[in-house]
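Residue strings, one per chain:
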Amino acid sequence: MDKQDYLVSLVVPCYNEHETVETFVKTVDEKLESIKDHLEIVFVDDGSKDDTAAIIERLQKDDERISLIKLSRNFGKEAAMSAALDLVKGDALVMMDVDLQDPPELVLEFVRCWREEGVDNVYGIRTDRSQDTETKRMTSGGFYYVFNKLSSRVKIPSNAGDFRLIDRKVIDTLKQLPERNRFMKGLFAWPGFVSKGIGYKRPERVAGKTKWNYWKLWNFALDGISGFSSLPLRVWSYIGGAIGVLAILYMIFIFIKTAITGVEVPGYASLMSAILFLGSVQLISIGVLGEYLGRLGEEVKGRPVYVVSKITGPLAKQVKNGMSVTPVGVTCNLDAENKDQN
Ligand code: UDP
Ligand code: MG
């Protein structure tokens, strides 16, 4: 690729972000002035219920570099990112949040590493998480530790989010991955290639509220772990084996003890604790099985991860008309929606 004349697609998933989109575009214009001829902004409206899409369409009138991929409903950030991966045409892609928690000026450094050092996957690392609460820092630290311990081949760098630049070859590799469980932090690390992390201080949201809570984060962590490791499934054979060995030893002990001292009736407490302990071990292991089985069901059903209902802006001209189906998504109705643009 000729990196003299390159195009970087800034991909920005938005869900109910009417307070932030305008500020985002203004800040990007200002901070990325020096590479503005090489930039396009691709917003993915993830089924917002407010007027986010309308605001983006208004901004498109003044700026012909802005495209909008509108999903048919809220599919989640991972799905929104997958849609953009499938559709954008840039030589590189930068994933960014619209709330300016991913500082736009860092994109200059990403682009420099990509063009000058030949790095294919440049990601931001949150070096200072003082904005986060102590509990959030601890739980997320725990997650990275557990994930990297359990996943033997794909390691994700601690405190790296989705904020990153990836080269076209990484995009094309990711487009081939057919799984429905889109744990993007893991998927971004999966293709390998030359990778580099750059530290930054993550500021607070400019406006609006985070879309996450602890319950969602917990489920997200389960998605990540189950998508990249089958150790939680296999570990039960070892736990079962270990308990079996202990049980046999205990049996021998009881046998000898009874032979020597005769039958003793008491034992209610130890019996109860053994039953309760084993019962809970069994329930946990069935639960783990359920986690995997449920996700297996999702994969087997093979439903699309996202459905695009409309594309506007420059991207519309480049995306094939009619209905198109990629390994993980469906893009419909382009014919009807984009007639005027083609
Ligand atoms: N987002 C999305 N779909 C969702 C939830 C969030 O596209 O269902 C977008 C959101 O608009 C924002 C980004 O994902 O641009 C990150 O969301 P948020 O700021 O809530 O996450 P946090 O920064 O708190 O991790
Ligand atoms: Mg945010």
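Residues numbered from 1 in each chain as written. Chains lettered and ligands numbered in written order. Predicted model: local features only at pLDDT ≥ 70, side-chain atom pairs only at ≥ 80, totals over all residues. Heavy atoms only, no water.

*Asks:* Can you help me understand the packing of helix H5 (residues 134-150) against helix H8 (residues 214-228) in this one?
*Replies:* Two elements in contact, H5 and H8, have axes whose closest approach is 10 Å; the angle formed by their N-to-C orientations is 10 degrees. It follows that H5 is roughly parallel to H8 by the angle criterion. Contact residues: H5 offers Thr135, Lys136, Thr139, Phe143, Val146, Phe147 and Leu150, while H8 offers Tyr214, Leu217, Ala221, Gly224, Ile225 and Phe228. Among the residues forming the contact of H5 with H8, the class breakdown is 9 nonpolar, 3 polar and 1 charged. (Axes fitted to C-alpha atoms, helices over the stretch in contact; angles between N-to-C directions. Helix = DSSP H or I, 4+ residues; strand = E, 2+ residues; numbered from the N terminus. Parallel < 35°, antiparallel > 145°, perpendicular 65-115°, else oblique. Contact = heavy atoms within 4.5 Å. Nonpolar A, V, L, I, M, F, W, Y, C, P; charged D, E, K, R; others polar.)

*Asks:* Honestly, the site of ligand 1 in this entry has me stumped. Any pointers?
*Replies:* The immediate surroundings of ligand 1 are formed by 17 residues, with Glu17, Asp46, Asp99, Thr210 and Lys211 found nearest. Here an oxygen atom of ligand 1 and a side-chain polar atom of Arg202 are 2.7 Å apart. Look at ligand 1: alone it shows 530 Å² of surface, and the protein chains cover 90% of it. Looking at the shell around ligand 1, its residues break down into 5 nonpolar, 4 polar and 8 charged. (Near = heavy atom within 4 Å. Polar contact = N/O pair within 3.5 Å; in protein donor to acceptor, adjacent residues only side chain to side chain. Areas by Shrake-Rupley, 256 points an atom, 1.4 Å probe, with all protein chains shown as cover.)

*Asks:* Whenever I open this one, the coordination of the magnesium ion (ligand 2) confuses me. Can you help?
*Replies:* Around a metal, the ideal angle is 109.5 degrees if four donors adopt a tetrahedral arrangement and 90 or 180 degrees if six donors adopt an octahedral arrangement. In this structure, Asp99 (OD) and Gln101 (OE1) serve as the protein donors to the magnesium ion (ligand 2), at separations of 1.9 to 2.0 Å. Residue classification places Gln101 among the buried residues on the basis of a relative accessible area of 15%. (Donors = N, O, S within 2.8 Å, 3.2 Å for Na, K, Ca; no water. Buried < 20%, exposed > 50% of the residue type's maximum accessible area, 1.4 Å probe, protein only.)

*Asks:* Before we go on, may I ask you to explain the layout of surface pockets in this structure?
*Replies:* Empty pockets left among the atoms are what a rolling probe the size of a water molecule brings to light. In this model, the second largest pocket occupies a volume close to 610 Å³. Elements supplying a minimum of two residues to the lining of the second largest pocket: helix H9 (231-261) and helix H10 (268-301). Here the lining of the second largest pocket is composed, by residue class, of 12 nonpolar, 6 polar and 2 charged. (1 Å grid on protein atoms, 1.4 Å probe; cavity = no way out; pocket = protein on both sides within 12 Å on 5 of 7 lines; lining within 4 Å. Points joined across faces, edges and corners; volume = space filled by probe spheres on them.)

*Asks:* Can you help me understand the pattern of salt bridges in this one?
*Replies:* For side chains bearing opposite charge, pairing can occur when the charged atoms are close. Scanning the entire structure with this criterion turns up 24 salt bridges. Between Glu109 and Arg112 there is a salt bridge, and its shortest N-O distance comes to 3.1 Å. Taken together, the residues Glu109 and Arg112, both in helix H4 (residues 105-116) and 3 residues apart, mark about one turn of the helix. What makes Glu109 partly exposed here is its relative accessible area of 28%. Note on Arg112: relative accessible area 29%, which makes it partly exposed. The partner of Glu291 in a salt bridge is Arg295, and the shortest N-O contact between them spans 2.7 Å. With Glu291 and Arg295 both in helix H10 and 4 residues apart, this pair spans about one turn of that helix. Its relative accessible area of 17% is what places Arg295 among the buried residues. (Salt bridge = Lys/Arg side-chain N within 4 Å of Asp/Glu carboxyl O.)

*Asks:* I tried to follow empty space enclosed by the protein on my own but got confused; where do I start?
*Replies:* Across all of its chains, the model carries 1 cavity of 30 Å³ or more by this definition. What the largest cavity holds in volume is close to 50 Å³. In terms of lining residues, the largest cavity is bounded by Gln101, Arg126, Asp128, Arg129, Ser130, Gln131, Asp132, Arg202 and Pro203.

*Asks:* Is there a simple way to think about helix H2 (residues 52-62) in this case?
*Replies:* It helps to recall that an α-helix has 3.6 residues per turn; residues three or four apart then point in one direction. For H2, the set of buried residues is Thr52, Ala53, Ile55, Ile56, Leu59 and Gln60. Seen end-on, H2 carries its buried residues on one side only, within an arc spanning 160 degrees. Exposed residues pointing more than 90 degrees away from the buried face of H2 are listed as Lys61 and Asp62. Buried residues belonging to H2 abut strand E1 (8-14), helix H1 (21-31), strand E2 (39-45), strand E3 (66-71) and strand E8 (306-312). (Arc of directions from axis to C-beta.)

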